[in-house]
Amino acid sequence: MLHIRFPGLDLGHMKLGARPTPVRPLALDGIEGVDLWVKDESVFGDGGWGGNKVRKLEWILPEAKRRGVRTLFTVGGIGTHWGLACARYGAEHGFRTVLGLVDQPVDDHVREQLARLQASGAELHRYPTPARLRLAAPWLMARYAGDWRLPWYLPAGGSNEFGTLGYVETALEIAKQVAHGELPEPGTVVVPVGSGGTVAGLALGLSLAGLSARVFGVVVNDTLDLSAPALAGLASRTAELLVSRGAAGPFTMSEDCITVSNDWLGSTYGDPTPASVTMVEAGARAGLELEPVYTGKALAAIADIGPQLPGPVLWLNTHGPR
Ligand SMILES: Cc1ncc(COP(=O)(O)O)c(C=O)c1O
């Protein structure tokens, strides 16, 4: 869709999932007084496997090929959805993936994710804290350099400018669904914020599409700077990337269209809260498979302040690989 919008755009794209992802109204126990809609990103990916990370890989993997990279080096918690998607899709397209993993609170979901990571074929290196991983990163880069080629370092969650393009495109897809009458024009789009690419891409894409919806990011990670200015900065760098690869800009995007809140984070990244667990249970009763670290927290926010947000409220179900 970005290539349709900007003909001649010099950016590789690899289709890894079926689009558009479906939209529908959503009723959930515990959420009242909100005109709530869901866009189901959880089904995006090969055979419905993947969630929101696969949108990012559609732009990252072709760029890696263009750079002649053989190894992708990325980081995350020991339950990282991003790391698993990177390992699986990377391997399918001929890349080796090296993962620097940091310990996080362990529940059944994280235990299962770690087992999947161990079976994924990626090289895993585990550290007790982000600081220890940062110290080890240069050594890992050197260790996995081959043929004078360094691995390409991809930040947590795949939230560099290339990954962020995945959610610029999702916003254009939302605009098309609005234009086709599948969805009323949203007043607010709500998503969890783990590394920021999803919010930044949506904010840029909504403004490119001429929609005035605000993006409300429910911060679930306290180990990164996920403030509105930091996310607006990522959106601006992504806009610069588009212009540098042939899109007619400049693009203006106001920082005001992004709101973030830590109010539903709980004690730390990866720690389920009673409210997020309640929303996962409510989701299960409505036939949704969710988890309490990202999607449950976003829904907990909607349950608490949804009626005060400009409506209709569009929640993106970003549930990850499983
Ligand atoms: C299920 C799920 N939802 C949302 C997010 C947040 O996306 P982002 O990392 O782009 O902020 C992530 C990853 O961090 C995730 O795994």
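So, here's what we can say about the structure. (Residues numbered from 1 in each chain as written. Predicted model: local features only at pLDDT ≥ 70, side-chain atom pairs only at ≥ 80, totals over all residues. Heavy atoms only, no water.)

1. Points about the site of the ligand
Then step 1. As a structural note, the neighbourhood of the ligand is formed by 16 residues, with Lys53, Lys56, Ser195, Thr198 and Thr318 the closest of them.
Then step 2. Within the contact set of the ligand, an oxygen atom lies 3.0 Å away from a side-chain nitrogen or oxygen of Lys53.
Then step 3. Gly196 is positioned such that a nitrogen or oxygen atom in its backbone is 2.8 Å from an oxygen atom of the ligand.
Then step 4. When isolated, the ligand has an accessible area of 380 Å², and the protein chains bury 98% of it.
Then step 5. Among the secondary structure elements, those contributing two or more residues to the shell around the ligand are helix H2 (52-66), strand S7 (188-193) and helix H7 (197-208).
Then step 6. When residues in the shell around the ligand are grouped by element, the largest group, three residues, is from H2. (Near = heavy atom within 4 Å. Polar contact = N/O pair within 3.5 Å; in protein donor to acceptor, adjacent residues only side chain to side chain. Areas by Shrake-Rupley, 256 points an atom, 1.4 Å probe, with all protein chains shown as cover. Helix = DSSP H or I, 4+ residues; strand = E, 2+ residues; numbered from the N terminus.)

2. Here we look at the sheet that holds S7
Then step 1. One open sheet holds the six strands; their spatial order is S1-S2-S10-S7-S8-S9, and the pairing between them is mixed. A single partner strand is all that each edge strand has here, and the edge strands are strand S1 (23-25) and strand S9 (258-261). Shown here is a sheet whose adjacent strand axes are inclined to one another by a mean of 25°, direction ignored.
Then step 2. Bridge count for S7 against strand S10 (residues 313-317) is three bridges, and the pairing is parallel. In the strand pairing of S10, Val190 is matched with Trp315. (Pairing = 2+ DSSP bridges. Axes fitted to C-alpha atoms, helices over the stretch in contact; angles between N-to-C directions.)

3. A few points about the environment of Leu241
Then step 1. For Leu241, the location among the structural elements is in helix H8 (residues 228-244).
Then step 2. The spatial distance from the C-alpha of Leu241 to the C-alpha of Ser267 is 36 Å, given a sequence separation of 26 residues.
Then step 3. Once residues lying within four places of it in the same chain are set aside, the contact partners of Leu241 are Leu11, Glu161, Phe162 and Leu165. (Contact = heavy atoms within 4.5 Å.)

4. Quick word on the pattern of salt bridges
Then step 1. What the rule picks out here adds up to 14 salt bridges.
Then step 2. Residue Arg66 is joined to Asp10 by a salt bridge in which the shortest nitrogen-to-oxygen separation is 3.3 Å. Of the two residues, Arg66 sits in helix H2 while Asp10 sits in the loop between helix H1 (2-5) and S1, which places them 56 residues apart along the sequence.
Then step 3. Judged by relative accessible area, Asp10 falls into the partly exposed class, the value being 42%.
Then step 4. Across the salt bridge formed by Arg285 and Asp29, the nearest N and O atoms sit 2.8 Å from each other. Here Asp29 lies in the loop between S1 and strand S2 (36-40) and Arg285 lies in helix H9 (residues 274-285), a separation of 256 residues in the sequence.
Then step 5. Here the residues in one salt-bridge network are Asp10, Glu63, Arg66, Arg67 and Arg245, joined through shared partners. (Salt bridge = Lys/Arg side-chain N within 4 Å of Asp/Glu carboxyl O. Buried < 20%, exposed > 50% of the residue type's maximum accessible area, 1.4 Å probe, protein only.)

5. Quick notes on the sheet that holds strand S4 (residues 96-102)
Then step 1. With respect to topology, four strands assemble into an open sheet ordered S5-S4-S3-S6, the strand pairing being parallel. Among the strands making up the open sheet, the edge pair consists of strand S5 (123-127) and strand S6 (152-154). On average, adjacent strands in this sheet sit at an angle of 20° to one another, irrespective of strand direction.
Then step 2. Taken together, the five bridges between S4 and S5 define a ladder with parallel strand orientation. Bridge pairing links Val102 to Tyr127 in S5.
Then step 3. Where helix H3 (residues 81-92) meets the sheet, its contacts fall on strand S3 (71-77), S4 and S6, and the angle it forms with S3 comes to roughly 160°.

6. Overview of the nonpolar core
For soluble globular proteins, nonpolar side chains are generally found buried alongside one another.
Then step 1. Judged by nonpolar contacts, the single largest core of 45 residues is most densely connected at Leu2, Leu72 and Leu242.
Then step 2. Those elements giving two or more residues to this core turn out to be H2, H3, S4, helix H4 (108-119), S6, helix H6 (161-179), H7 and H8.
Then step 3. Non-local contacts of Leu2, meaning those with residues more than four positions away in its chain, are made with Leu9, Trp59, Leu165, Val168, Glu169, Leu172 and Leu242. (Core = buried A, V, L, I, M, F, W, Y, C linked by side-chain atoms within 4.5 Å.)

7. Here's the deal with H3
Then step 1. Here H3 contains 12 residues, and its C-alpha end-to-end distance of 17 Å stays within 8% of the 16 Å for a straight helix at 1.5 Å per residue.
Then step 2. Among the 12 residues that make up H3, nine are buried, leaving the element largely enclosed by the rest of the structure.
Then step 3. Those residues of H3 not exposed but buried are His81, Trp82, Gly83, Leu84, Ala85, Cys86, Ala87, Tyr89 and Gly90.
Then step 4. Backbone nitrogen of Trp82 and a side-chain oxygen of the N-cap are separated by 3.3 Å at the start of H3; the cap is Thr80.
Then step 5. A positive backbone phi angle near 90° is found at Gly94, which sits one or two residues after H3. (Expected span 1.5 Å × (residues − 1).)

8. Focus: helix H10 (residues 295-305)
Residues three or four positions apart in an α-helix share a direction because the helix packs 3.6 residues into each turn.
Then step 1. Of all the 11 residues making up H10, nine are buried; the element is thus mostly covered by neighbouring parts of the structure.
Then step 2. Of the positions making up H10, those classed as buried are Thr295, Gly296, Lys297, Ala298, Leu299, Ala300, Ala301, Ile302 and Ile305.
Then step 3. On its buried side, H10 packs onto S2, S7, strand S8 (214-219), H9 and S10.

9. Considerations on the packing of H2 against H6
Then step 1. Two elements in contact, H2 and H6, have axes whose closest approach is 7 Å; the angle formed by their N-to-C orientations is 125°. Here H2 is positioned oblique relative to H6, judged by the angle of their axes. Regarding H2 and H6, the two cross each other, and that crossing is right-handed. Contacts between H2 and H6 involve Asn52, Arg55, Lys56, Glu58, Trp59, Ile60 and Glu63 from the former and Phe162, Gly163, Leu165, Gly166, Tyr167, Glu169, Thr170 and Glu173 from the latter.
Then step 2. Class assignment for the residues of the contact of H2 with H6 results in five nonpolar, four polar and six charged. (Parallel < 35°, antiparallel > 145°, perpendicular 65-115°, else oblique. Left-handed = near helix turned anticlockwise from the far one by under 90°. Nonpolar A, V, L, I, M, F, W, Y, C, P; charged D, E, K, R; others polar.)

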